Amino acid sequence: MARTIDPIVDPRIEVRVLSDDEVQRIHAATLEVIESVGVRFPSPRALEIWQAHGATVDRETLVVRAPGALVEEALARAPHEYALAARDPSQDLPLDGRHVYAATDGCGVEVLDLVTGERRRSRLQDVAEIARVGDYLDEIAFHWVAVSAQDTPAESRGLHELAAIWANSTKHAQTESIVTEREARAAVEMAAAIAGGREALRRRPVLSLMECTISPLAQEGGALDAALVAAEAGVPVGFMTMASAAFTGPATPAGTLVVGNAEVISALALVELAQPGAPVYYAAAQTAIDLRSGAYTGGGPEDFLFGAATNALADFYGVPLSMGSFATGAKEPDWQAGIENGLSTFMAAAVRSDMLLGVGLLHGSRIWSYEQMLLDCEIYGIVRAMLRGIAVDDEALALEAIRRVGPGGEYLTDPHTVRHMRELWQSRFFDRRPYGAWEEKRDRARDWARARAREILATHEPDPLDPVVAAELAAIIAAVEREAGVAGAAAPT
Amino acid sequence: MTTEMTSEALFEAMRRSIIDGDDERAAELAGEALRAGVDPLRAIDDGFVIGLREVGDRFSRGDMFLPEMMLAAKAMKRAVAVLEPELDRRAMKRQVLGRVVIGSVKGDIHEIGKNLVATMLAAAGFEVHDLGVDVPFDRFVEKAREVDADIVGVSALLTTTMTGQRTVIETLAAGGLRPRVKVIVGGAPVTREWAEEIGADGYGEDAAQAVTVARRLVGAADAAVV
Ligand code: B12
């Protein structure tokens, strides 16, 4: 049986960091940038599409300057609402502006081994196991490819990773590791096999793609070509800016928003020019660099503000948003991880970002930790409980119970308490024990989270993938490997 | 006496231009030094380099930030470019710690970290040839031969491209440049263990470590930090 997903719905706390007028100004500045400075599109196909629609294309520098009206017109074709489909339809995720879904982070390179506790290179088995744990957790609504399957050939790695997720979970898969046209074609074929054909995939996209822009003001050729392939097949595609204030973006957050916005909306406009009505989404993980080292920080007050500001932009364009939250810069699940992931997630969720990414990775999206994964889910649970707000109706005002208990009584045994106590948030990983109990054991949240992850991994059996479909996926990957002239990889369990 | 004073004022202005990260001013002062007949090597060593050293010190103490460091390095580069023709004419060679060829390996377009490493190496006194991003394996070898490099630096930020670091080492070996030309590697997925596994001579987790390891490889570990 597929597990239920329990997302944040209709947040009741409102956070607003940009006024309508400010959004308008950011939009106007963005159009001016696209029109006068331009954005680099290093893909012959992309340049042709722009040119055919009347944009100015510099074949030398590959920079496109597009009139604001063209960009606006193209963006207006994007659907406002659609659903990310899952292998199990009960786990489909409507992107309707009311829900906030969480997913794992993507593309880590090392794993803190669940058994030995040691840090080691990531492999295909990890992708499979993380997907299995994610399949179990009700906070995880869909998957990113959490770590790279480094024991598979580079040419087919992104495909092995997808197959491993689908073999271990019925939930939607979104990948950021398909960045070439060839891999995109194969990934679409695989998704069609899962969905039951090309038409079925168009109706129920079980796969979505996430491509990166290159700040400042550039796209990547392979990523553009992959995105166009996805859009043709009706597979949702998003572009993510990682503009970093003071390095790849201006030092002022507003300036960094403009640069990133120009990258994202110009890419989305291209997709809409090529495939009017294709499902697209805005994606972002802006940050501010560490001024002492230039490092991508992945946490800090500017990040939290970006998390809240970006949804105002995505809403303005009427497309869903996938926002980088969680994804702490900390080296282990510690106070820094708690603060960064708590605040980034609260801000991005309160403004109704449709998708939140970043569960489980440490050290700026490099090291996977099951402990962090479970703790991030706890953070999501806390934010979810907060965003439910406070219900105020007759039942919640509890006058009847207050009358019954009267001055000086207790509510512990009142029927009203029994009716409502389960609505109160319950901690799994806060230490609320007596001091002495802690002193005796000296264990902590990380230990409990690790134990829980082990237990889930040992006991959770995801709904198996139809062996016929699994064989189809394997055949598609094998064909890609033959074409590329590389040896295949062993299948994960 | 007066000329001494003016040249001292000139040297002071040179240092200042680097500390202020003012490349226009640095180039202007370099030109002024040439016109005044100041020895171009002295202009570098007693003028500009002193400023760069101060920036380097303050940067490592955390008093100055990366943008200031980069601006100082840029100003330094402009000043040296103005002085270079005169150095060549006098057949003088600016003493460099070593020559480094650096680039982001084929398939990889991450450049921020590589650029930082290149800048810091240059600021530390290396002659740096930056090949940019998505650099074919042969290109590293070609360039290393052309400039008689001591060190080749290979940056990779993707698990799919880090294997290219091994290929660069193999290609250098096939070209007969190993073990004379040393190889240093770095980038997000790169670890000390990986560097050892592929037979690299050095690994740096950040730009400061890149400088330390490069200095060690050219036997300059104890020399004063520039
Ligand atoms: C910014 C960024 C980008 C930018 C790059 C912009 C640019 N102009 O360079 C953009 C958005 C374009 C980008 C694109 C992609 N990225 Co990227 N990116 C990052 C990010 C967040 C930060 C990198 C960075 O600039 N750090 C700041 C600098 C200062 O640090 P640094 O690069 O590590 O460099 C330091 C050291 O490593 C060392 N060093 C570096 N090089 C060298 C060389 C030598 C010789 C030495 C000694 C030392 C050394 O010193 C440097 C200075 O301190 C990292 C995550 C991370 N935390 O590292 C992901 C990351 C590297 N990217 C990743 C991915 C997957 C991609 C894409 C495939 C995504 C996509 N779907 O399109 C593309 C690939 C594009 C390509 N073909 O290369 C993954 C790689 C993981 C993996 N499993 O392979 C990472 C780890 C993030 C993640 N977990 O998903 N990315």
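In this text, all values refer to a predicted model and were calculated from it rather than measured experimentally.

The rules behind these values
Starting afresh in each chain, residues are numbered from 1 along the sequence in its written order. Chains and ligands are labelled by the order in which they are written, letters from A for the one and numbers from 1 for the other. Only residues with pLDDT of at least 70 are given local features in this predicted model, and only at 80 or more are side-chain atom pairs given and counted; all residues enter the totals for whole chains, interfaces and linings. Working from all heavy atoms in the structure, the side-chain values ignore hydrogens and water. Segmentation into domains, and thus their bounds, comes from an automatic or database assignment. Among buried residues, the Ala, Val, Leu, Ile, Met, Phe, Trp, Tyr and Cys ones that are joined through side-chain atoms within 4.5 Å form a nonpolar core. For the exposure calls, accessible area comes from a 1.4 Å probe over protein chains only, and a residue counts as buried if that area is under 20% of its type's maximum, exposed if over 50%, partly exposed in between. Each helix is a run of H or I in the DSSP string that is no shorter than four residues. Each strand is a run of E no shorter than two, and both are numbered from the N terminus. Should any heavy atoms of two residues lie within 4.5 Å, those residues are considered in contact. Salt bridge, as applied in this entry: a Lys or Arg side-chain nitrogen positioned within 4 Å of an Asp or Glu carboxyl oxygen. Any N, O or S atom lying within 2.8 Å of the metal counts as a donor, and for Na, K and Ca the limit rises to 3.2 Å; water is left out, so some sites can look incomplete. Note on terminology: near, applied to a residue and a molecule or strand, indicates that one of the residue's heavy atoms is within 4 Å of it. Polar contacts here mean pairs of N or O atoms no more than 3.5 Å apart (in protein, one a potential hydrogen donor and the other a potential acceptor; neighbouring residues in sequence count only if both atoms are side-chain atoms). When residues are sorted by character, Ala, Val, Leu, Ile, Met, Phe, Trp, Tyr, Cys and Pro go into the nonpolar class, Asp, Glu, Lys and Arg into the charged class, and all the rest, Gly among them, into the polar class. Between the N-to-C directions of two axes lies an angle of 0 to 180 degrees, each axis being a line fitted to C-alpha atoms and, for a helix, fitted only over the stretch in contact. Oblique is the label for any angle not under 35 degrees, not over 145, and not in the 65 to 115 range, which are roughly parallel, roughly antiparallel and roughly perpendicular in turn. By the definition used in this description, the sense in which the near helix is turned from the far one sets the handedness, with an anticlockwise turn below a right angle giving left-handed and a clockwise turn giving right-handed. Note on pairing: DSSP must find at least two bridges between two strands before they are called paired.

Caption draft 1: Region of the structure containing the domain arrangement of chain A. Parsing chain A into structural domains produces domain 1 (8–17 + 75–387) and domain 2 (396–423). Taking the mean C-alpha position of each, domain 1 of chain A and domain 2 of chain A sit 43 Å from one another.

Caption draft 2: Inspection of the nonpolar core at higher detail. If you look at the biggest cluster of nonpolar residues, it comprises 130 residues, and the most contacted ones within it are Trp50, Trp166 and Tyr282 of chain A. Among the elements that line this core, the one with the most residues is helix α9 (residues 253–274) of chain A, at twelve residues. Those residues in contact with tryptophan 166 of chain A that lie beyond four places of it in its chain are Arg87, Ala173, Met190, Ala191, Ile194, Val206, Leu207, Leu465 and Leu473 of chain A. Of all hydrophobic cores here, the second largest spans 47 residues; its members include Leu41, Met64, Ala123 and Val211 of chain B.

Caption draft 3: Looking closely at the pattern of salt bridges. Residue and element names in this part refer to chain A. Scanning the model with the defined rule gives 47 salt bridges over all chains in all. Among the ionic pairs, arginine 450 bridges to glutamate 371, the shortest N-O distance being 2.7 Å. Taken together, the positions of arginine 450 in helix α17 (residues 445–459) and glutamate 371 in helix α12 (residues 370–387) put the pair 79 residues apart, joining distant regions of the chain. The class for arginine 450 is partly exposed, based on a relative accessible area of 24%. On the basis of relative accessible area, glutamate 371 is assigned to the buried category, the value being 9%. A salt bridge links aspartate 443 to arginine 433; its shortest N-O distance comes to 2.8 Å.

Caption draft 4: Representation of the coordination of the cobalt atom of the ligand within the structure. Just one protein atom coordinates the cobalt atom of the ligand, and that atom is His110 of chain B (NE2), at 2.3 Å. With respect to the helices and strands, the residue histidine 110 of chain B is situated in the loop between β1 (99–104) and α5 (112–123).

Caption draft 5: Main features of the site of the ligand. Surrounding the ligand, one finds 43 residues, the nearest of these being Ser148, Glu176 and Ser365 of chain A together with His110 and Glu111 of chain B. One finds residues of chains A and B in close proximity to the ligand. Serine 155 of chain B has a polar side-chain atom sitting 2.8 Å from a nitrogen atom of the ligand. At 2.8 Å from an oxygen atom of the ligand is found a main-chain nitrogen or oxygen belonging to threonine 159 of chain B. Among the secondary structure elements, those contributing two or more residues to the shell around the ligand are β12 (207–214) of chain A together with α5, β3 (151–155), β4 (182–186) and α9 (207–217) of chain B. Taken together, the residues that form the shell around the ligand break down as 20 nonpolar, 16 polar and seven charged.

Caption draft 6: Expanded view of the packing of helix α6 (residues 181–195) of chain A against helix α8 (residues 221–232) of chain A. Residue and element names in this part refer to chain A. Put simply, α6 and α8 touch, their axes get as near as 8 Å, and they point 25 degrees apart. Between α6 and α8, the angle falls in the class roughly parallel. Along this stretch, α6 crosses α8, giving a crossing that reads as right-handed. Facing Glu181, Ala184, Arg185 and Val188 of α6, the residues of α8 in contact are Gly222, Asp225, Ala226, Val229, Ala230 and Glu232. Residues of the contact of α6 with α8, tallied by class, amount to five nonpolar, one polar and four charged.

Caption draft 7: Examining the sheet that holds β1 of chain B more closely. All names here are of chain B. If you walk across this open sheet you meet the five strands as β2-β1-β3-β4-β5, and the pairing is parallel. Among the strands making up the open sheet, the edge pair consists of β2 (127–130) and β5 (202–203). With five bridges connecting them, β1 and β3 associate as parallel partners. Bridged to valine 100 within β3 is isoleucine 151.

Caption draft 8: Focus on the side chain of threonine 241 of chain A. Residues and elements named next belong to chain A. For threonine 241, the location among the structural elements is in strand β14 (residues 237–241). At a separation of 3.1 Å, a polar atom in the side chain of threonine 241 contacts the main-chain amide nitrogen of alanine 243. Residue contacts for threonine 241: discarding those within four places in its chain leaves Thr213, Ser215, Gly260, Glu263, Val264, Ala283, Ala284, Ala285 and Gln286.

Caption draft 9: Just the side chain of serine 177 of chain A, in detail. Residues and elements named next belong to chain A. Counting through the fold element by element, serine 177 comes out in the loop between β11 (172–175) and α6. Relative accessible area serves as the criterion here: at 17%, serine 177 is assigned to the buried category. Dropping the residues within four chain positions of it, serine 177 is found in contact with Cys107, Val145, Gly158, Glu161 and Glu183.

Caption draft 10: Focus on the pairing of β14 of chain A. Residues and elements named next belong to chain A. With respect to burial, β14 is a largely interior element, five of its five residues being buried. Going residue by residue along β14, you find Val237, Phe239 and Thr241 tucked away on one face and Gly238 and Met240 tucked away on the opposite face as well. Relative to β14, β12 runs parallel, the two being bridged by four bridges. Paired with cysteine 212 across the two strands is methionine 240, which belongs to β14. Inspection of the sheet shows β14 paired to strand β16 (residues 280–284) by five bridges, in the parallel sense. Bridge pairing in β16 places glycine 238 opposite tyrosine 281.

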